[in-house]
Amino acid sequence: DLDKGKVIAMSAACTHMGCIVQWQSSDRKYHCPCHGGLFTEYGKPDKGAGSLVQYLSSLPRLDTMVDKDGKIFVRVPLQSGSPTKSYEEETTRQV
């Protein structure tokens, strides 16, 4: 996969109904607790035999940045209805 070795971040909200997916180390997949959808470690729908839902789209990617000290930052989209602040000020968080 082209993402192997890169720092990536993605939304944890399933693209079917918005339920929060859970990482399972045993099969290295994200599982949706609401309907059994599966996503690969890179957030792509797993359309293999174990997935109950075959029409999912990929988990949305979030912008990441690694600074010169190795700190990782993830840009998280603003939620509707939140106070107005600059995009950078409100959404970039160190992880």
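Keep in mind the model is a prediction, meaning the values are calculated, not measured.

Undergrad: Mind showing me how you'd approach the overall build of the chain here?
TA: When helices and strands are counted, the chain shows one helix and eight strands. Secondary structure elements of the chain occur, N-terminal to C-terminal, as β-β-β-β-β-β-β-α-β. Counting over 95 residues, the chain shows a buried share of 23%.

Undergrad: In this structure, what is going on with the state of the cysteines? I would like to understand it.
TA: By definition, a disulfide links the sulfur atoms of two cysteines through a covalent bond. Using the criterion set out here, one finds one disulfide in the structure. Across the disulfide from cysteine 19 sits cysteine 34; the S-S distance is 2.0 Å. Measuring the twist about the S-S bond at about -105 degrees, one finds the cysteine 19-cysteine 34 disulfide to be left-handed. Placement of the pair is cysteine 19 in the loop between strand 1 (9-10) and strand 2 (22-24) and cysteine 34 in the loop between strand 3 (29-31) and strand 4 (38-39), with a sequence separation of 15 residues.

Undergrad: What's the story with the sheet that holds strand 3 in this structure? I'm lost.
TA: Each strand in a sheet pairs with another by means of backbone hydrogen bonds, the pair being arranged parallel or else antiparallel. The strand order across the open sheet formed by three strands is 2-3-4, and the pairing between neighbours is antiparallel. The open sheet has two free edges, formed respectively by strand 2 and strand 4, since each of these has just one partner strand. Of the pairings in the sheet, the one linking strand 2 to strand 3 comprises three bridges and is antiparallel in character. Across the sheet, the residue bridging to glutamine 22 is histidine 31, located in strand 3.

Undergrad: I tried to follow the pattern of salt bridges on my own but got confused; where do I start?
TA: When their charged atoms lie close together, side chains carrying opposite charge are able to pair. A full pass over the atoms with the stated rule returns three salt bridges. Two residues, glutamate 41 and arginine 28, come together in a salt bridge whose shortest N-O distance is 2.7 Å. Of the two residues, glutamate 41 sits in the loop between strand 4 and strand 5 (61-62) while arginine 28 sits in the loop between strand 2 and strand 3, which places them 13 residues apart along the sequence. Here aspartate 46 and lysine 29 are joined by a salt bridge, their closest N and O atoms 2.5 Å apart. Taken together, the residues span a long stretch of sequence, with aspartate 46 in the loop between strand 4 and strand 5 and lysine 29 in strand 3 at a distance of 17 residues. The exposure class assigned to lysine 29 is partly exposed, which follows from its relative accessible area of 22%.

Undergrad: I'm lost on unusual backbone geometry in this one. Help?
TA: Leaving glycine out, the prevailing phi sign among residues is negative, and the prevailing peptide bond configuration is trans. In the Ramachandran plot, arginine 28 falls in the positive-phi region, its phi being about 55 degrees despite a non-glycine side chain. Relative accessible area serves as the criterion here: at 48%, arginine 28 is assigned to the partly exposed category.

Reading guide: rules and limits
- Residues numbered from 1 in each chain as written.
- Predicted model: local features only at pLDDT ≥ 70, side-chain atom pairs only at ≥ 80, totals over all residues.
- Heavy atoms only, no water.
- Helix = DSSP H or I, 4+ residues; strand = E, 2+ residues; numbered from the N terminus.
- Buried < 20%, exposed > 50% of the residue type's maximum accessible area, 1.4 Å probe, protein only.
- Disulfide = S-S within 2.5 Å.
- Pairing = 2+ DSSP bridges.
- Salt bridge = Lys/Arg side-chain N within 4 Å of Asp/Glu carboxyl O.

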